[in-house]
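Structural overview for review
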Amino acid sequence: MLNDIDYNHIENEALNVLDAYEITKPVVNVAEIAKGEGINIKEIKMQDQYKGVAGFYDKKSNTIYIEETDAPKRKSFTIAHELGHIFMGHQNATVLYRIPRKDARYAKEEKEANCFAADLLMPDFMLKEYMEKYHLGKSDYVVMSDMFGVPIPAMKVQLEWLK
Amino acid sequence: MTDDWYSILKGVGEKAETMEDKENRGILDMRKRWSTWVLIFIGVIVIFDVVLVFMYGTKRWDFNDPAVVIVVITDNFLKIFGLGFLITREIFKKIYH
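Here's a quick rundown of the structure. Every value quoted in this text rests on a predicted model; they were computed, and no experiment measured them.

Let us look at the overall build of chain A. Along the backbone of chain A there are seven helices and four strands. A buried classification covers 51% of the 163 residues belonging to chain A. A fraction of 59% describes how many contacts in chain A between residues 6 or more apart in sequence connect residues 24 or more apart. Counting only carbon and sulfur atoms, one obtains 49% of the accessible surface of chain A, whose full area is about 8,400 Å².

All names here are of chain A. Helix α7 (residues 152-161) packs onto helix α6 (residues 141-148) with a crossing angle of 110° between their chain directions and a minimal axis gap of 8 Å. Classified by the interaxial angle, the pair formed by α6 and α7 is roughly perpendicular. Where α6 crosses over α7, the two elements pack in a sense that is right-handed. Residue-level inspection shows Tyr141, Val142, Met144, Ser145 and Phe148 of α6 in contact with α7, the latter providing Ile152, Met155, Lys156 and Leu159. Residues belonging to the contact of α6 with α7 are distributed by class as follows: seven nonpolar, one polar and one charged.

This next bit is on the packing of helix α1 (residues 7-20) of chain A against helix α4 (residues 108-121) of chain A. Residues and elements named next belong to chain A. Two elements in contact, α1 and α4, have axes separated by 9 Å at closest approach and are oriented at 45°. Relative to α4, the element α1 lies oblique. α1 and α4 meet at a crossing whose hand is right-handed. Residue-level contacts link Tyr7, Ile10, Glu11, Glu13, Ala14, Val17 and Leu18 of α1 to Glu112, Cys115, Phe116, Asp119 and Leu120 of α4. Here the residues of the contact of α1 with α4 are counted per class, giving eight nonpolar, no polar and four charged.

By secondary structure assignment, the location of Lys73(A) is in helix α3 (residues 72-87). Look at Lys73(A) and you get buried, because its relative accessible area is 18%. Side chain to side chain, Lys73(A) and Ser145(A) meet in a polar contact 3.3 Å long. A distance of 2.7 Å separates polar atoms of two side chains, one belonging to Lys73(A) and the other to Asp146(A). Discounting chain neighbours no more than four positions away, the residues touching Lys73(A) are Ser145(A), Asp146(A), Gly149(A), Val150(A), Pro151(A) and Leu9(B).

Residue and element names in this part refer to chain A. The final tally for this structure, using the stated rule, is eight salt bridges over all chains. A salt bridge links Lys73 to Asp146; the nearest nitrogen and oxygen atoms lie 2.7 Å apart. On the criterion of sequence distance, the pair formed by Lys73 in helix α3 and Asp146 in helix α6 is long-range, its members being 73 residues apart. Sharing partners across several salt bridges, the network here consists of Glu11, Asp124 and Lys163.

Both the distance between ring centres and the angle between the ring planes are used here to describe each pair of aromatic rings. All names here are of chain A. Inspection of the entire model under this criterion finds six aromatic pairs over all chains. A ring pair is formed by Phe56 and Tyr65, whose centres lie 5.0 Å apart and whose planes are at 25°; its orientation type is stacked. The exposure class of Phe56 is buried, given its relative accessible area of 16%. On the accessibility criterion, Tyr65 (16% relative accessible area) is buried. Judged by centre distance (5.8 Å) and plane angle (45°), the rings of Tyr130 and Tyr134 are tilted. An identical accessibility class is assigned to Tyr130 and Tyr134; each is buried. An aromatic cluster is defined as three or more aromatic residues linked by ring pairs; in this entry it consists of Tyr130, Tyr134 and Phe148.

In this section: the interface of chain A and chain B. Taken together, the contacts link 24 residues of chain A with 17 residues of chain B. Carbon and sulfur atoms supply 65% of the area that chain A and chain B bury against each other, a total of about 1,800 Å² over both sides. Between chain A and chain B we count four residue pairs in polar contact (both at pLDDT 80 or more) in total. Only α2 (30-36), β1 (40-44), α3, α5 (124-133) and α6 of chain A provide two or more residues apiece to the side of chain A that touches chain B. When residues of the side of chain A that touches chain B are assigned to their parent elements, the largest contribution, five residues, is made by α3(A). Within the side of chain A that touches chain B, the residues separate by chemical class into 14 nonpolar, five polar and five charged.

Parameters at a glance
Residues numbered from 1 in each chain as written. Chains lettered and ligands numbered in written order. Predicted model: local features only at pLDDT ≥ 70, side-chain atom pairs only at ≥ 80, totals over all residues. Heavy atoms only, no water. Helix = DSSP H or I, 4+ residues; strand = E, 2+ residues; numbered from the N terminus. Buried < 20%, exposed > 50% of the residue type's maximum accessible area, 1.4 Å probe, protein only. Contact = heavy atoms within 4.5 Å. Areas by Shrake-Rupley, 256 points an atom, 1.4 Å probe, with all protein chains shown as cover. Axes fitted to C-alpha atoms, helices over the stretch in contact; angles between N-to-C directions. Parallel < 35°, antiparallel > 145°, perpendicular 65-115°, else oblique. Left-handed = near helix turned anticlockwise from the far one by under 90°. Nonpolar A, V, L, I, M, F, W, Y, C, P; charged D, E, K, R; others polar. Polar contact = N/O pair within 3.5 Å; in protein donor to acceptor, adjacent residues only side chain to side chain. Salt bridge = Lys/Arg side-chain N within 4 Å of Asp/Glu carboxyl O. Phe/Tyr/Trp six-rings, centres within 6.5 Å; stacked < 30°, edge-to-face > 60°. Buried area = accessible area lost by both parts, 1.4 Å probe.

Structure follows, in C-alpha coordinates:
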(Lines give C-alpha, C1' and ligand atoms only; values in the text may rest on other atoms or scores of the structure.)
Protein backbone atom coordinates (compact mmCIF):
# COMPACT_ATOMS: atom_id res chain seq x y z
CA MET A 1 0.00 0.00 0.00
CA LEU A 2 1.24 3.43 -0.94
CA ASN A 3 0.14 4.88 2.37
CA ASP A 4 2.34 2.51 4.36
CA ILE A 5 5.45 4.27 3.15
CA ASP A 6 6.91 6.84 5.51
CA TYR A 7 8.23 9.38 3.03
CA ASN A 8 9.48 11.77 5.70
CA HIS A 9 11.56 9.05 7.30
CA ILE A 10 13.08 8.11 3.94
CA GLU A 11 13.86 11.72 3.14
CA ASN A 12 15.54 12.16 6.54
CA GLU A 13 17.63 9.02 5.99
CA ALA A 14 18.81 10.36 2.62
CA LEU A 15 19.57 13.77 4.11
CA ASN A 16 21.55 12.15 6.93
CA VAL A 17 23.68 10.33 4.36
CA LEU A 18 24.31 13.53 2.40
CA ASP A 19 25.16 15.28 5.64
CA ALA A 20 27.54 12.52 6.73
CA TYR A 21 29.41 12.72 3.42
CA GLU A 22 29.22 16.54 3.35
CA ILE A 23 27.57 16.53 -0.06
CA THR A 24 25.93 19.84 -0.83
CA LYS A 25 26.06 19.98 -4.62
CA PRO A 26 25.08 17.75 -7.51
CA VAL A 27 26.14 15.44 -9.05
CA VAL A 28 25.92 13.24 -5.95
CA ASN A 29 28.71 10.71 -6.11
CA VAL A 30 26.89 7.56 -5.05
CA ALA A 31 29.97 5.46 -5.78
CA GLU A 32 31.87 7.41 -3.12
CA ILE A 33 29.06 6.87 -0.63
CA ALA A 34 29.09 3.15 -1.36
CA LYS A 35 32.84 3.09 -0.98
CA GLY A 36 32.57 4.96 2.30
CA GLU A 37 30.18 2.31 3.56
CA GLY A 38 32.58 -0.44 2.55
CA ILE A 39 30.37 -1.60 -0.30
CA ASN A 40 31.95 -2.68 -3.55
CA ILE A 41 30.56 -1.78 -6.95
CA LYS A 42 31.01 -4.01 -9.94
CA GLU A 43 29.89 -3.46 -13.49
CA ILE A 44 28.83 -6.65 -15.17
CA LYS A 45 26.94 -7.85 -18.20
CA MET A 46 23.66 -9.30 -16.90
CA GLN A 47 22.87 -12.81 -18.06
CA ASP A 48 20.00 -13.24 -20.49
CA GLN A 49 17.73 -14.57 -17.77
CA TYR A 50 18.21 -11.30 -15.85
CA LYS A 51 17.63 -9.09 -18.85
CA GLY A 52 15.99 -5.87 -17.69
CA VAL A 53 17.64 -5.99 -14.29
CA ALA A 54 19.51 -2.74 -13.81
CA GLY A 55 21.45 -3.96 -10.82
CA PHE A 56 21.40 -5.88 -7.58
CA TYR A 57 23.02 -6.01 -4.18
CA ASP A 58 24.61 -9.20 -2.98
CA LYS A 59 24.77 -9.17 0.79
CA LYS A 60 27.24 -12.04 0.94
CA SER A 61 29.93 -10.29 -1.02
CA ASN A 62 28.70 -6.84 0.06
CA THR A 63 28.69 -5.79 -3.57
CA ILE A 64 26.37 -3.78 -5.75
CA TYR A 65 26.38 -5.13 -9.28
CA ILE A 66 25.26 -2.83 -12.08
CA GLU A 67 24.64 -3.43 -15.76
CA GLU A 68 27.73 -2.24 -17.62
CA THR A 69 25.88 -1.25 -20.78
CA ASP A 70 23.50 1.12 -18.98
CA ALA A 71 23.80 4.88 -19.39
CA PRO A 72 25.77 6.69 -16.66
CA LYS A 73 22.62 8.33 -15.28
CA ARG A 74 20.92 4.98 -14.92
CA LYS A 75 23.97 3.43 -13.28
CA SER A 76 24.01 6.22 -10.75
CA PHE A 77 20.30 5.80 -9.98
CA THR A 78 20.71 2.03 -9.69
CA ILE A 79 23.48 2.39 -7.11
CA ALA A 80 21.41 4.96 -5.20
CA HIS A 81 18.46 2.54 -5.30
CA GLU A 82 20.54 -0.33 -3.94
CA LEU A 83 21.97 1.98 -1.27
CA GLY A 84 18.34 2.69 -0.42
CA HIS A 85 17.75 -0.99 0.34
CA ILE A 86 20.87 -1.04 2.49
CA PHE A 87 20.27 2.19 4.41
CA MET A 88 16.59 1.40 4.90
CA GLY A 89 17.61 -1.96 6.38
CA HIS A 90 15.64 -4.12 3.98
CA GLN A 91 16.25 -7.70 4.98
CA ASN A 92 13.76 -9.64 2.91
CA ALA A 93 16.20 -10.83 0.32
CA THR A 94 19.89 -11.48 0.24
CA VAL A 95 19.89 -10.38 -3.36
CA LEU A 96 17.94 -7.19 -4.00
CA TYR A 97 17.21 -6.49 -7.64
CA ARG A 98 16.43 -3.23 -9.32
CA ILE A 99 14.00 -3.99 -12.11
CA PRO A 100 12.54 -1.30 -14.37
CA ARG A 101 9.09 -0.15 -13.29
CA LYS A 102 7.24 -1.53 -16.30
CA ASP A 103 8.48 -5.05 -15.64
CA ALA A 104 7.86 -5.22 -11.96
CA ARG A 105 5.03 -5.32 -9.51
CA TYR A 106 6.58 -2.70 -7.33
CA ALA A 107 6.72 -3.94 -3.79
CA LYS A 108 6.83 -1.60 -0.84
CA GLU A 109 10.56 -2.05 -0.42
CA GLU A 110 11.17 -1.25 -4.07
CA LYS A 111 9.16 1.94 -3.75
CA GLU A 112 11.07 2.86 -0.63
CA ALA A 113 14.41 2.25 -2.34
CA ASN A 114 13.34 4.36 -5.30
CA CYS A 115 12.17 7.10 -3.02
CA PHE A 116 15.49 7.01 -1.14
CA ALA A 117 17.42 7.14 -4.41
CA ALA A 118 15.43 10.16 -5.56
CA ASP A 119 15.91 11.95 -2.24
CA LEU A 120 19.60 11.13 -2.23
CA LEU A 121 20.28 12.29 -5.78
CA MET A 122 17.76 15.13 -5.92
CA PRO A 123 17.07 16.41 -2.41
CA ASP A 124 14.57 19.26 -2.14
CA PHE A 125 17.09 21.75 -0.78
CA MET A 126 19.44 21.18 -3.72
CA LEU A 127 16.63 21.38 -6.28
CA LYS A 128 15.37 24.64 -4.79
CA GLU A 129 18.87 26.09 -4.65
CA TYR A 130 19.55 25.29 -8.30
CA MET A 131 16.14 26.44 -9.49
CA GLU A 132 16.76 29.74 -7.74
CA LYS A 133 20.35 30.04 -8.92
CA TYR A 134 19.60 29.40 -12.59
CA HIS A 135 16.04 30.76 -12.69
CA LEU A 136 14.61 27.38 -13.57
CA GLY A 137 11.09 26.07 -13.14
CA LYS A 138 9.44 22.69 -12.79
CA SER A 139 9.16 22.47 -16.57
CA ASP A 140 12.97 22.58 -16.91
CA TYR A 141 13.38 18.95 -15.91
CA VAL A 142 15.56 18.07 -18.91
CA VAL A 143 18.33 20.53 -18.11
CA MET A 144 17.93 19.78 -14.39
CA SER A 145 18.41 16.07 -15.10
CA ASP A 146 21.77 16.93 -16.69
CA MET A 147 22.76 19.13 -13.77
CA PHE A 148 21.91 16.42 -11.25
CA GLY A 149 23.06 13.45 -13.33
CA VAL A 150 19.77 11.60 -13.10
CA PRO A 151 17.40 10.10 -15.67
CA ILE A 152 14.90 12.59 -17.12
CA PRO A 153 11.75 10.75 -15.88
CA ALA A 154 13.18 10.63 -12.35
CA MET A 155 13.80 14.37 -12.35
CA LYS A 156 10.35 15.04 -13.79
CA VAL A 157 8.66 13.07 -11.01
CA GLN A 158 10.84 14.59 -8.28
CA LEU A 159 10.01 18.13 -9.46
CA GLU A 160 6.32 17.30 -9.52
CA TRP A 161 6.60 16.26 -5.87
CA LEU A 162 8.71 19.25 -4.87
CA LYS A 163 7.07 21.07 -1.96
CA MET B 1 35.29 2.05 -14.39
CA THR B 2 33.04 3.73 -11.82
CA ASP B 3 35.11 6.89 -12.07
CA ASP B 4 34.49 6.95 -15.83
CA TRP B 5 30.72 7.26 -15.68
CA TYR B 6 30.84 9.63 -12.74
CA SER B 7 33.25 11.88 -14.67
CA ILE B 8 30.82 11.83 -17.59
CA LEU B 9 27.92 12.80 -15.33
CA LYS B 10 29.98 15.52 -13.65
CA GLY B 11 31.07 16.87 -17.04
CA VAL B 12 27.52 16.94 -18.40
CA GLY B 13 26.30 18.60 -15.20
CA GLU B 14 28.95 21.31 -15.31
CA LYS B 15 28.28 21.94 -18.99
CA ALA B 16 24.55 22.32 -18.29
CA GLU B 17 25.30 24.79 -15.50
CA THR B 18 27.63 26.82 -17.74
CA MET B 19 25.02 26.92 -20.50
CA GLU B 20 22.30 28.06 -18.11
CA ASP B 21 24.61 30.69 -16.69
CA LYS B 22 25.41 31.98 -20.17
CA GLU B 23 21.75 32.03 -21.13
CA ASN B 24 20.81 33.95 -17.99
CA ARG B 25 23.56 36.49 -18.61
CA GLY B 26 22.31 36.84 -22.19
CA ILE B 27 18.77 37.48 -20.98
CA LEU B 28 19.98 40.03 -18.43
CA ASP B 29 22.02 41.84 -21.10
CA MET B 30 19.02 41.81 -23.41
CA ARG B 31 16.84 43.16 -20.61
CA LYS B 32 19.25 46.04 -20.00
CA ARG B 33 19.47 46.85 -23.70
CA TRP B 34 15.77 46.67 -24.44
CA SER B 35 14.44 48.19 -21.24
CA THR B 36 15.75 51.64 -22.28
CA TRP B 37 14.11 51.42 -25.69
CA VAL B 38 10.86 50.14 -24.26
CA LEU B 39 10.82 53.06 -21.80
CA ILE B 40 11.42 55.52 -24.66
CA PHE B 41 8.65 53.92 -26.70
CA ILE B 42 6.17 54.07 -23.80
CA GLY B 43 7.20 57.71 -23.19
CA VAL B 44 6.51 58.59 -26.82
CA ILE B 45 3.04 57.02 -26.63
CA VAL B 46 2.23 58.91 -23.41
CA ILE B 47 3.49 62.23 -24.86
CA PHE B 48 1.42 61.60 -27.98
CA ASP B 49 -1.67 61.16 -25.81
CA VAL B 50 -0.97 64.34 -23.85
CA VAL B 51 -0.42 66.35 -27.04
CA LEU B 52 -3.56 64.87 -28.59
CA VAL B 53 -5.75 65.76 -25.61
CA PHE B 54 -4.17 69.22 -25.35
CA MET B 55 -4.66 70.03 -29.04
CA TYR B 56 -8.19 68.69 -29.01
CA GLY B 57 -9.06 70.47 -25.75
CA THR B 58 -7.77 73.82 -26.95
CA LYS B 59 -9.61 73.25 -30.20
CA ARG B 60 -6.48 73.56 -32.29
CA TRP B 61 -7.36 70.18 -33.73
CA ASP B 62 -10.95 69.62 -34.52
CA PHE B 63 -12.34 66.17 -34.99
CA ASN B 64 -15.82 65.79 -36.33
CA ASP B 65 -16.36 62.76 -34.12
CA PRO B 66 -15.12 63.19 -30.48
CA ALA B 67 -15.09 59.41 -30.09
CA VAL B 68 -11.86 59.36 -32.14
CA VAL B 69 -9.88 60.79 -29.21
CA ILE B 70 -11.30 58.22 -26.80
CA VAL B 71 -10.51 55.43 -29.24
CA VAL B 72 -6.93 56.62 -29.80
CA ILE B 73 -6.25 57.05 -26.06
CA THR B 74 -7.76 53.65 -25.27
CA ASP B 75 -5.70 52.13 -28.08
CA ASN B 76 -2.53 53.66 -26.67
CA PHE B 77 -3.35 52.57 -23.13
CA LEU B 78 -3.82 49.01 -24.37
CA LYS B 79 -0.52 49.24 -26.28
CA ILE B 80 1.33 50.24 -23.10
CA PHE B 81 -0.37 47.52 -21.08
CA GLY B 82 0.22 44.90 -23.80
CA LEU B 83 3.83 45.91 -24.17
CA GLY B 84 4.47 45.60 -20.45
CA PHE B 85 2.69 42.27 -20.34
CA LEU B 86 4.60 40.88 -23.32
CA ILE B 87 7.96 41.96 -21.96
CA THR B 88 7.53 40.67 -18.46
CA ARG B 89 5.61 37.50 -19.30
CA GLU B 90 7.12 36.42 -22.58
CA ILE B 91 10.44 38.01 -23.54
CA PHE B 92 11.89 37.82 -20.03
CA LYS B 93 9.80 34.84 -19.02
CA LYS B 94 12.71 32.88 -17.64
CA ILE B 95 13.79 35.60 -15.26
CA TYR B 96 10.31 36.45 -14.04
CA HIS B 97 8.55 33.10 -13.77
